[in-house]
Amino acid sequence: MIYLLVLTLMLLVEMDPVIEATVQDRRRPGAVAPGNILIGGLFPIHDGVENIGNLSGPQNPTCIGFSPTGLTQSLAMIHTVEKVNSSPLLRHLGVTLGYYIHDTCSDVTAALRGMEDFIKRHSECSSTSRLIPQVLVSTIKIDFLTTAEDFLVQIYASTADILSDKSRFPAFSRTVPSDVHQTSAMVKLLLANQWNWVGVVSTDGDYGRSAMDSFVSQALEVGICVAFREILPDSITNKQRLHATISQTITTIHTHSKVKVVVSFAKPEHMSRLFRGLVRNQEDQHVWVASDNWSTYEEVLSHEDLYHIGWVVGFSFKFRDVTPFEEYLLSLHLNSERNNSFLKELYSSFRDSHNISEANVSAITDQLIRSTPPGVVFSIEMAVNAIAQAVAKLCSHRNSKVCTRKGDSYTFDENGDINLGYDITLWETAEGQLKTQNVVNITSRCSDSCEPGQFKKTTEGQHTCCYDCIDCAENQYTNYTDMDQCYTCDSNTEWADPGSSGCKLKTLEFFPWNDGFAVMLLSLAGIGVLVVGLVSFLFLWHRDSPVVKAAGGPLCQLILFSLVGSFMSAAFFVGKPTNAQCKVRQVLYGLSFTLCVSCILVKSLKILLAFHMKLLLQQVLRRLYKSYVVVCACVAVQGVICTCWLLLKSPHKTFTLYTKYILEECNEGSYVAFAVMLGYIALLALLCFIIAFQGRKLPEKYNEAKFITFGMLIYLIAWVIFIPIYISTDGKYLPAVEMVVILISNYGILSCHFLPKCYSIIFRKTYNTRDAFMKNIYEYSKKCTYTGIKYLKTLKDSLLMYINLCLNREHECLCFSL
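Parameters at a glance
Residues numbered from 1 in each chain as written. Predicted model: local features only at pLDDT ≥ 70, side-chain atom pairs only at ≥ 80, totals over all residues. Heavy atoms only, no water. Helix = DSSP H or I, 4+ residues; strand = E, 2+ residues; numbered from the N terminus. Buried < 20%, exposed > 50% of the residue type's maximum accessible area, 1.4 Å probe, protein only. Contact = heavy atoms within 4.5 Å. Patch = residues over 30% accessible without salt bridge, like charges linked within 9 Å, V, L, I, M, F, W, Y side chains within 5 Å. Areas by Shrake-Rupley, 256 points an atom, 1.4 Å probe, with all protein chains shown as cover. Salt bridge = Lys/Arg side-chain N within 4 Å of Asp/Glu carboxyl O. Pairing = 2+ DSSP bridges. Axes fitted to C-alpha atoms, helices over the stretch in contact; angles between N-to-C directions. Parallel < 35°, antiparallel > 145°, perpendicular 65-115°, else oblique. Nonpolar A, V, L, I, M, F, W, Y, C, P; charged D, E, K, R; others polar. Right-handed = clockwise from strand over helix to strand, strands pointing away. Core = buried A, V, L, I, M, F, W, Y, C linked by side-chain atoms within 4.5 Å. Disulfide = S-S within 2.5 Å.

S.K.: Can you help me understand the side chain of His79 in this one?
M.R.: Residue position: His79 is located in helix H2 (residues 68-85). Taking the relative accessible area as the measure of exposure, His79 reaches 9% and is therefore buried. Not counting residues within four places of it along the chain, the set of residues in contact with His79 comprises Pro324, Phe325, Tyr328 and Glu381.

Put into structure tokens, the structure is as follows:
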């Protein structure tokens, strides 16, 4: 059988005024027992009243639908009263409790008539100083309690939160927790299972609406959305209206396909009809969160239908062992009918339908036991015991005696409430097997959970639980699920890819020594320095040879020295930059290469001096030609440029922020000064190129102009290409761009100016003599004829003139440069 542990309270039907006036007069109590203190009880012994339409006058409709559960509740009160009367608590005081119990018929009018009887009896008892406390077990209308509060002490098993307001209900106390605690527990259950898209079903009336409002407000506070709210009519007598509302509820559940969890505050009879409709329509399985109103009623759902419905998770009040009460039910006999018309009606219905003897009451007691909700029995026992304790205390003070108290002690708070907590139960099948294998995997969400790295974007007008998951933008992140917005990383030190769940620290980057490209460039620079050293040694060893003298003699060593400085400047472009390093690398290269180009310019001027067509100008240039003075002047100009650069706006270390890293690099300070420095070198190189280009047709074996032309052409092409690449490149490899151009320029000079001469010195020694040199000049001059080529005749005359100068050793260096 389905095992139920949860207490449920019956709701009353709110009738129209005309109908309320015609309800059957049921002023006489259905169960009575005399006593010094009378306790009034209102219980729903019947499920409703007969519905009569088009009333023209007072009618006497009867109550219909006998409720064994309501009878069981009244019997629980009777049993507790009898137990208290036999206990030492009141027996030693000579005080007994009596009771008057009325049937509310689950109807407000009938309940009011019962209340009217209590008030009259209270007035009658006032003259004899007897009190009539009241035990109310149905969730009757709030106005009903307001009417009664001026006359009676109310111990009430109602869960409506509003009843905790002592300013409105000063005489009210209850033995069950407020709905706020139950709905709070439900919300916690939904949160624990991540169910944030749920539906709510309740019956109309104070209990249903109050519980639903409490649940909805608490759910919204924690981000749980209510997809739909269906309110069923409180009365079951209007079957047409009830059927239409249940059909609408089934349609709503079917429409909201993503809602897999439904919270219900409805009555048992309503839930029974709703479940039957769902089974007929073969709806998907759901998790049903049952309130104390129906979670202990096994007749709501059959064993077989539970598999089709899904799962039922019920909330019930804490309770003690109710075995003594069940034994009391077993001990009932037909004589109990004398003061209890409810039992008489029950026995009569069994005699009519089952044709059994009066002695055979086992079937009746079995049904009563099955209809015993342990929680409500416990609540009624607490209510009666509370009255007994109050009576004992009052009597003991009057008689100056101490009452003997036994059993458990329960205390009402300042609002008249008791909160013993809740039990949560999962309905089981007839075979006793819990359906727990899949309930924890049920997903009831309007939208899937957004993963870390995403945020929820809700469309205007939609529930907050219905959203799209959008990846966080670059440099933004979310580190939890279902976040409403992305956090921003600290752009100075952190970064994040789109859709990241956290920020990453930016790495500090520069052109490191261990970078493969840096190792290659530094190796080329080192090889360049080594080659320059070997060439210098070779030129010093053969310093008196015609080839070395023709190459410039001492100027060659100065050029080689400047190349060493230029190669070494490349090393300052690698590694973690410092302010000193940033200043040294450009100045060292600028001065070194200016010295190199200046020496080449001097060699180019010798060609201009040797082959200028105007003899007078040649003589003037020859007097002004001072090679080292020219070199020093050119280098001095570059020195002034670099000094001004360093003093006014020098290069320095800086940090540049990029998306994923921080680049530590050199800022050139003034890019104008940087451009002027490079432009000055380019101007000298261009001047060398123009001058040397004029001597491109000199004898091939000793033609220095040709090599100067190619060397300067390589330099100019390299730096022209460098400019756009340098401007368009950023990152840690920017220094490598300038290193490449420096190495190209250095190797261009080294290859064009020195390597051919090294080849001649080492492998063509026969050409490296004075006789071979003079022979080559004379052979070249014989080729000059008067065949109309005026330029060749003039060149011949110039060569002959300067050969004589060479022979007289007046310009030996100039001579061998030819």
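S.K.: Got a minute to help me understand a nonpolar patch on the surface in this structure?
M.R.: Taken together, the side chains of Phe517, Met520, Leu524, Ile527 and Tyr733 make up a nonpolar region of the molecular surface, amounting to roughly 420 Å² of accessible area. With respect to the element layout, Met520 can be found in helix H15 (residues 516-541). By relative accessible area, which is 43% here, Met520 ends up partly exposed.

S.K.: Would you explain the sheet that holds strand S12 (residues 286-290) in this entry?
M.R.: Sheets are built from strands that pair by backbone hydrogen bonding, the pairs being arranged parallel or antiparallel. The six strands lie next to each other as S10-S9-S11-S12-S13-S14, forming an open sheet whose pairing is mixed. A single partner strand is all that each edge strand has here, and the edge strands are strand S10 (225-232) and strand S14 (422-426). Pairs of neighbouring strands in the sheet enclose a mean axial angle of 20 degrees, with direction left out of account. Judged from the five bridges that link them, S12 and strand S13 (residues 310-317) form a sheet pairing that is parallel. Within the sheet, the bridge partner assigned to Trp288 lies in S13 and is Val312.

S.K.: When you look at the packing of H2 against helix H11 (residues 323-330) in this model, what are you seeing that I'm missing?
M.R.: Helix-helix packing: each pair is described by the crossing angle between the helix axes and the interaxial distance. The N-to-C vectors of H2 and H11 enclose an angle of 100 degrees; their axes lie 10 Å apart at closest approach. Looking at the two axes, H2 sits roughly perpendicular to H11. Here Thr72, Leu75, Ala76, Ile78, His79 and Glu82 of H2 come into contact with H11, specifically with Pro324, Phe325, Tyr328 and Leu329. For the contact of H2 with H11, the per-class residue count stands at seven nonpolar, two polar and one charged.

S.K.: Looking at this structure, how should I read the pairing of S12?
M.R.: Working note: regular strand, side chains alternate between the two faces of the sheet. Burial within S12 is extensive, with five of its five residues counted as buried. Of the two faces of S12, the one holding His286, Trp288 and Ala290 and the one holding Val287 and Val289 are both buried throughout. With four bridges joining them, strand S11 (residues 261-265) and S12 adopt parallel strand pairing. From the neighbouring strand, Val262 faces S12, where its bridge partner is Trp288. Handedness of the S11-helix H9 (residues 268-280)-S12 crossover: right-handed.

S.K.: What is the right way to read the pairing of S11 from this model?
M.R.: Burial of S11 is extensive: five of the five residues sit out of reach of the surface. Along S11, one buried face is formed by Val261, Val263 and Phe265 and the opposite face, lined by Val262 and Ser264, is buried too. The sheet contact formed by strand S9 (residues 197-203) and S11 spans five bridges and is parallel. The residue bridging Val198 from the neighbouring strand is Val261, located in S11.

S.K.: Hey, could you run me through the nonpolar core in this one?
M.R.: General note: in soluble globular proteins, nonpolar side chains tend to be found buried as a group. In terms of nonpolar packing, the biggest core is built from 67 residues, with Phe539, Leu563, Tyr589 and Phe754 touching the most fellow members. Of all the secondary-structure elements, those providing two or more residues to this core are H15, helix H16 (546-551), helix H17 (554-569), helix H18 (579-611), helix H20 (627-649), helix H21 (671-693), helix H22 (704-728) and helix H23 (734-763). Looking at this core, the element that brings in the most residues is H23, giving twelve residues. Setting aside residues up to four positions removed in sequence, Phe539 forms contacts with Val548, Ala551, Cys556, Gln557, Phe754, Lys757, Cys758 and Ile761.

S.K.: Sorry if this is basic, but what is going on with the state of the cysteines here?
M.R.: Put plainly, two cysteines are in a disulfide when a covalent bond ties their sulfur atoms together. All chains considered together, the criterion is met by seven disulfides. Each sulfur in the disulfide pair Cys225 and Cys465 lies 2.1 Å from the other. Handedness of the Cys225-Cys465 disulfide follows from its S-S torsion of about 90 degrees: it is right-handed. Placement of the pair is Cys225 in strand S10 and Cys465 in the loop between strand S15 (454-457) and strand S16 (468-471), with a sequence separation of 240 residues. What makes Cys465 buried here is its relative accessible area of 2%. With a sulfur-sulfur separation of 2.0 Å, Cys450 is cross-linked through a disulfide to Cys469. Disulfide Cys450-Cys469: the torsion about the S-S bond is -95 degrees, which places it as left-handed. One end of the pair, Cys450, is in the loop between S14 and S15; the other, Cys469, is in strand S16, and 19 residues separate them in sequence. Classification of Cys450 as buried rests on a relative accessible area of 0%. For Cys469, a relative accessible area of 30% translates into the label partly exposed. Between Cys634, a cysteine without a disulfide, and Cys688, which holds the nearest cysteine sulfur, the sulfur-to-sulfur distance is 8.4 Å.

S.K.: Got a minute to help me understand the pattern of salt bridges in this structure?
M.R.: Opposite charge on two side chains lets them pair, provided their charged atoms get close. Counting across every chain of the model gives eight salt bridges. Here Lys267 makes a salt bridge to Asp234, at a shortest N to O gap of 3.2 Å. Of this pair, Lys267 sits in the loop between S11 and H9 while Asp234 sits in the loop between S10 and helix H8 (239-255), and the two are 33 residues apart along the sequence. With relative accessibility at 8%, the residue Asp234 sits in the buried group. Taking the shortest distance from any N to any O, the salt bridge between Lys260 and Asp284 comes out at 3.6 Å. You can see Lys260 sitting in the loop between H8 and S11 and its partner Asp284 sitting in the loop between H9 and S12, a full 24 residues away along the chain.

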